[in-house]
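# An overview of the molecular structure
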Amino acid sequence: MSDQLLQIDKKIKISKKEILEDYNLINESRQLSLLGRKEVFMGRAKFGVFGDGKELAQIAMSKVFENGDIRSGYYRDQTFMMAIDQLTSNQFFSQLYSHTDVKKDPHSAGRQMNCHFATRMLNESGEWKTLTDIKNSTSDISCVAGQMPRLIGLAYASKLYRNNSSLSNEQNFSINGNEVAFGTIGDAGTSEGHFWEAMNAAGVLQIPLVMSIWDDGYGISVPSEYHTTRNDLSKVLSGFQRSNKNEKGFELFQVKGWDYVGLIKTYRKAILYARNEHVPCIIHVKEVTQPQGHTTSGSHERYKSKERLKWEDDFCCIKKMKEWIIKNKIADLNELNDIEISAASSSKKSRNSAWKSYRKNINEDLQDANAIITRVAQNSPKNKKEIISVRNDLNNIIQPLKSDIQKSLKYVQRIIRSENNIAKHYLINLISEKSKKYFDEYSSHLYSQSKYSALNIEEVVPIYLKTPNIVDGREVINKYFDGIFKNNPLVFAVGEDVGLIGGVNQGFAGIQKKYGKLRITDTGVREASIIGQGIGAAMRGLRPIVEIQYLDYVYWAIQTLSDDLSTLQYRTKGGQKAPLIIRTRGHRLEGIWHSGSPMGTLINSLRGIHILTPRNFVEACGMYNTLLDSDEPGLMIEPLNSYRLKENLPTNLDKIRVEFGVPHILKEGNDITIVTYGSMCKIVMETSYQLEKVGISCEIIDVRTLLPFDKNKTIVESVKKTNRILFADEDVSGGASAFMMQNVLERQNGYYYLDSKPLSITSMDHRPAYSTDGDYFSKPNCETIFEKIYKVFNELDSRSYPSLS
Ligand SMILES: Cc1ncc(C[n+]2csc(CCOP(=O)(O)OP(=O)(O)O)c2C)c(N)n1
């Protein structure tokens, strides 16, 4: 093909070769969508969502996407991923089939639905690759607009790398902040609050992003008039457009999804603003089609009119590009037909080879199972027939799955349970070997498995002067942050009020004055995108500390924390990480929205993030240090009522480390173990002195970290001594207390050592009422704890512990 450049527009020259390669790629991508859908209908894959109709715009986007750039998009972007050489047809099908080999599906190792893309930003040891040498995509999530908060951080990192000279050595991540973050979203997805919050933040921050909206007029079956005011996104977005070069704002573009030249022109223009000037851009790509409907779950004939369907046919971007090529005499029909035929045939080849490889992976397990089951049968005169029939049933399944194989092996294990079968141990070994394999395939990497895992970091205790310096808790944390900001240029903080005034509790007092606005920055009130600002920046090598002003407001960001951050390592099987620190403060203060402790919610929704509940600020510093040494995210809940309590100031603040999952025994005792954490430690300690006066000796354990929880089973050792246990918690009943109880009684076998029923004390089930009295009557207090424990001893020995009533 000719390399000679053709003038396709006043300012755009492009070779015939490139044009025909583009034509080839959109055809190949379309074929993948068509074949993919068929694979689902044939039962070879469970579900399919495809990028047909959006091909051409993505080709244009890929042309301005350079090494170091990074995408935060959604499930329609297969053409783009192919165009930047980060998706092969083979990988496309491997993911569709759920191939668990990371080499076959590097995007998710079979863990994600198809078309959920990610590049491998980490090497096999979990260390960063040189991101500026490669094209990057953060891992997609299915939640509509869930990619938006993260996009802010990806772009914000470039701003920091460009403007903070102490980061200039970080060339693995950035070269002068030239990297652009590319967002994609569907038109209906823009109805979500995340979209508007993120776009507003981008305009305020002036960060290099190019946001593409693929507008196909529908959100599944619901047309755009239900989604968008005035039925036109560009009109609604127009207020973001800056009116002059000095104004902070966006550059907005509109272009048609079938207009090859228009698309190339638009992306070329936008990228200059974004890359050179860090001006965010939105490209509203209109007149986009969806030829096969939304997903494999339904057909679009149910909700699109005949006229619309005809329009989609006429304005198919492939058809339109073909017409344009012919009209401009770039190639003739024969050449284009050849391309189409070759795209169809190569896609089929990829499908066949991906299917073969997927089946081979399972068939190896099948063969292993067949061999052992046969051997077991041969050594089982009594049950031979039944065992053989289990094997035959398994082999009669047309495409047996790993679960079918595992079920059969376990069924045979039950059949021979009372046999002295000499092949039994082969069977047991095989089940155990396969269980390990399946654990790795389906359950590894919830947390980091690299050498930087937080779980590898050992305790370093605080050292105090003989006559310790006694200061307020807030001074401890403030001094600590001063040291961190001084010594680690990768650390920066963002959040509401953290900058000028140093945070609502003064933990960051004076830090902005000393280290500047780029290191510690006030933000708008926008929790989800504050978290996203941290996630994205952490994915580009920085060490953000992002602040949620009060724990109660973590609910605003729970979607991003739960769906995006906590699943990141898992859903990429260790291909990506975001070592983000979320700083907040919680538990006791005042009123319904300043004293919550929704720990059960957090524990249950944030598996994958360490949840840290320090009882004081020296402890908090040790936990921050552990997080900063590690490559993992953590949620730090500082004790809200301790900023003004006195603490001894250690001489080695920067050195102390808290070993996660290692509780502290705060007080030794013999009669009952009280397990608690955070602000409750102080209340429980006070109660224990009152209980001592009536002859009850309490052992008090601060678990320190809820996730991970007591990794060395310290608590059960205490129960062995006291034979009684109470879990004291500020959460509602059935929240963190239930979590702790299950861990101790079931996982640690604590039930075995109990002489009394296990107890929990929690807050009332309503939100805490305002004022000191509201707090007292809503949350556990010394009296309620005292009475609960005293009652146990009264029931055991009413002479020594006469009834209070
Ligand atoms: C938060 C959330 N709500 C609902 C869904 C279910 N859902 C999946 S796709 C979709 C419509 C998305 O339409 P649009 O953003 O226009 O993208 P398109 O699929 O048309 O490209 C919906 C409602 C979801 N995945 N996430």
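### A closer look at the overall build of the protein chain
Along the protein chain, the regular secondary structure elements total 26 helices and 24 strands. Since a compact globule built from 805 residues should have a radius of gyration of about 28 Å, the 30 Å found for the protein chain is in line with a globular shape. Across its three principal directions, the C-alpha atoms of the protein chain cover 100 × 85 × 50 Å. Burial statistics for the protein chain: of 805 residues in total, 60% are counted as buried.

### Section: the packing of aromatic side chains
Following the criterion strictly, the structure yields 34 aromatic pairs and no others. Note on F92 and F93: the rings are 5.1 Å apart at their centroids and 90° apart in plane angle, and the pair reads as edge-to-face. With relative accessibility at 0%, the residue F93 sits in the buried group. Taking 5.5 Å as the distance between ring centres and 85° as the angle between the ring planes, the aromatic pair formed by W128 and F173 counts as edge-to-face. Of this pair, W128 sits in the loop between α4 (89-97) and β4 (136-137) while F173 sits in the loop between α5 (148-163) and β5 (181-186); the two residues are 45 residues apart in sequence, bridging distant segments of the chain. The exposure class of W128 is partly exposed, given its relative accessible area of 22%. Residue class for F173 comes out buried when judged on its relative accessible area of 8%. Through successive ring pairs, a cluster of aromatic residues spans F50, F92, F93, Y97, W355 and Y358.

### With respect to helix α24 (residues 736-747)
Its 12 residues give α24 an end-to-end C-alpha distance of 15 Å, which sits within 8% of 16 Å, the value for a rise of 1.5 Å per residue. Among all positions of α24, only A736, S737, F739, M740, N743, V744 and L745 are buried. Looking at the packing, one finds that the buried side of α24 touches α20 (599-605), β20 (672-676), β22 (705-707), α23 (714-722), β23 (725-728) and β24 (759-761). N749, located one to two residues past α24, shows a positive phi value of around 60°.

### Details of the site of the ligand
Near the ligand lie 17 residues; those nearest to it are Y74, Y75, R76, A188 and G189. Y75 places a side-chain nitrogen or oxygen 2.7 Å from an oxygen atom of the ligand. One nitrogen or oxygen atom from the side chain of R76 is found 2.8 Å from an oxygen atom belonging to the ligand. In isolation the ligand offers 580 Å² of accessible surface; the protein chains occlude 71% of this area.

### Some thoughts on unusual backbone geometry
What you tend to see is this: most non-glycine residues have negative phi, and most peptide bonds are trans. A cis amide bond links L707 to the next residue, P708, at an omega of 5°. Tracing the chain through its elements places P708 in the loop between β22 and α23. In the Ramachandran plot, N176 falls in the positive-phi region, its phi being about 60° despite a non-glycine side chain. Given a relative accessible area of 46%, N176 falls into the partly exposed group. Positive phi outside glycine occurs at H278, with the angle close to 55°. The exposure class assigned to H278 is buried, which follows from its relative accessible area of 5%.

### A word on helix α17 (residues 527-538)
The terminal C-alpha atoms of α17, which comprises 12 residues, lie 17 Å apart, in line with the 16 Å expected from a rise of 1.5 Å per residue. For α17, a buried count of 12 out of 12 residues is recorded, marking the element as mostly surrounded by other parts of the structure. Listed as buried for α17 are E527, A528, S529, I530, I531, G532, Q533, G534, I535, G536, A537 and A538. Where α17 is buried, its residues touch α5, α6 (193-205), β12 (491-495), β14 (543-547), α18 (558-565) and β15 (581-586).

### Let's talk about the side chain of S562
Structurally, S562 can be placed in helix α18. When its relative accessible area of 17% is taken as the criterion, S562 is described as buried. Each residue touching S562, except ones within four places of it in the same chain, is listed here: T567, S605 and L606.

### A short note on the sheet that holds β24
Strand order in the open sheet formed by five strands is β19-β21-β20-β23-β24, and the pairing between neighbours is mixed. Of all the strands in the sheet, the pair left with one neighbour each is β19 (664-667) and β24. Across the sheet, the axes of successive neighbouring strands diverge by a mean angle of 25°, strand direction being ignored. Bridge count between β23 and β24: three bridges; the pairing is parallel. Among the inter-strand pairings, A728 is bridged to a residue of β24, identified as I761. On the sheet, α24 packs against β20, β23 and β24 and is oriented at approximately 150° with respect to β23.

### Comments concerning the pairing of β20
Of all the five residues making up β20, five are buried; the element is thus mostly covered by neighbouring parts of the structure. Here β20 shows a buried face lined by I672, I674 and T676 and a second buried face lined by T673 and V675. Alignment of β20 against strand β21 (residues 698-702), held across five bridges, turns out to be parallel. Bridge pairing in β21 places T676 opposite D702. With helix α22 (residues 680-693) bridging β20 and the parallel β21, this β-α-β connection has right-handed handedness. Note that β20 and β23 share three bridges and pair parallel. Along β23, the bridge assignment pairs I674 with L726.

What counts and how
Starting afresh in each chain, residues are numbered from 1 along the sequence in its written order. Totals for whole chains, interfaces and linings use all residues, but because this is a predicted model, local features are given only for residues with pLDDT of at least 70 and pairs of side-chain atoms are given and counted only at 80 or more. Side-chain metrics in this entry use all non-hydrogen atoms of the structure; hydrogen atoms and water are not considered. Labels follow the DSSP assignment, with helices taken as runs of H or I lasting at least four residues and strands as runs of E lasting at least two, numbered in each case from the N terminus. In this setup the radius of gyration rests on C-alpha atoms only. A globule is expected at 2.2 Å times the number of residues raised to 0.38. Only protein chains enter the accessibility calculation, which uses a 1.4 Å probe. A residue is then buried if its area is under 20% of the maximum for its type, exposed if over 50%, and partly exposed in between. In summary, the pairing rule links any two rings of Phe, Tyr or Trp, Trp by its six-membered ring, whose centres are within 6.5 Å, and it sorts them by plane angle into stacked for under 30 degrees, edge-to-face for over 60 and tilted for everything else. For a helix, the expected span equals 1.5 Å multiplied by the residue count minus one. Any two residues having at least one pair of non-hydrogen atoms within 4.5 Å are treated as being in contact. For this description, a residue counts as near a given molecule or strand if any of its non-hydrogen atoms is within 4 Å of it. Two N or O atoms count as a polar contact when they lie within 3.5 Å, although within protein this holds only if one can serve as hydrogen donor and the other as acceptor, and sequence-adjacent residues are included solely when both atoms are side-chain atoms. Under the convention used here, a 1.4 Å probe and the Shrake-Rupley method define accessible areas, while residue burial counts only the protein chains that appear. Strand pairing is defined by DSSP finding a minimum of two bridges between the two strands. Each axis is a line fitted through C-alpha atoms, and for a helix only the stretch in contact is used; angles between axes span 0 to 180 degrees, taken between their N-to-C directions. Look down the strands so they point away from you; if the path from the first strand over the helix to the second goes clockwise, the crossover is right-handed.

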